[in-house]
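Residues per chain, in single letters:
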Amino acid sequence: MKIDLHGLKHHQSIPLVEEFVLMNSVREDITELTIVTGKSSELQRKITKQILNKYGFQWYIPTWNWGQIIVITKGKL
């Protein structure tokens, strides 16, 4: 599953990402979630600090595309 944040302000993106991650992380059929941020390191920092680390998700920014965050859901732990 993927959410694309292009065109959204940071304050709009944070609640959308939080809902997206929490709703989809409990699904058994999904092992990864992709958050498309563009190359905004500030937005990535906000998402990882305010959402992903807060809820204890494992995540990484792939070297082949620095404009996204991959979240490992519970189904893959």
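Residues numbered from 1 in each chain as written. Predicted model: local features only at pLDDT ≥ 70, side-chain atom pairs only at ≥ 80, totals over all residues. Heavy atoms only, no water.

Caption draft 1: Highlighting the overall build of the protein. Helix and strand content of the protein: two helices and four strands. The helix and strand sequence of the protein, counted from the amino end, reads β-α-β-α-β-β. Its C-alpha radius of gyration of 11 Å places the protein within 12% of the 11 Å reference for a compact globule of 77 residues. Summarising its shape, the C-alpha atoms of the protein cover approximately 30 × 25 × 20 Å along the three principal directions. A separation threshold of at least 6 residues defines the contact pool for the protein, and within that pool the share at least 24 residues apart is 59%. (Helix = DSSP H or I, 4+ residues; strand = E, 2+ residues; numbered from the N terminus. Rg over C-alpha atoms; globule rule 2.2 N^0.38 Å. Contact = heavy atoms within 4.5 Å.)

Caption draft 2: Fine view of the side chain of S13. Tracing the chain through its elements places S13 in helix α1 (residues 10-24). Of the residues examined, S13 reaches a relative accessible area of 0% and is grouped as buried. With near-sequence residues (within four places) excluded, S13 lies in contact with L5, L8 and L43. (Buried < 20%, exposed > 50% of the residue type's maximum accessible area, 1.4 Å probe, protein only.)

Caption draft 3: Broad picture of the pattern of salt bridges. Applying the stated criterion across every chain yields a total of three salt bridges. Measuring nitrogen to oxygen at the nearest pair gives 3.3 Å for the salt bridge that ties K46 to E42. Linking K46 with E42, this pair stays in helix α2 (residues 41-52), spanning four residues, or about one helical turn. Given the relative accessible area of 27%, K46 is considered partly exposed. (Salt bridge = Lys/Arg side-chain N within 4 Å of Asp/Glu carboxyl O.)

Caption draft 4: Looking closely at the pairing of strand β4 (residues 68-72). Counting buried positions along β4 yields five of five residues, so the element is predominantly enclosed. Burial along β4 is two-sided: the face carrying Q68, I70 and I72 and the face carrying I69 and V71 are both buried.

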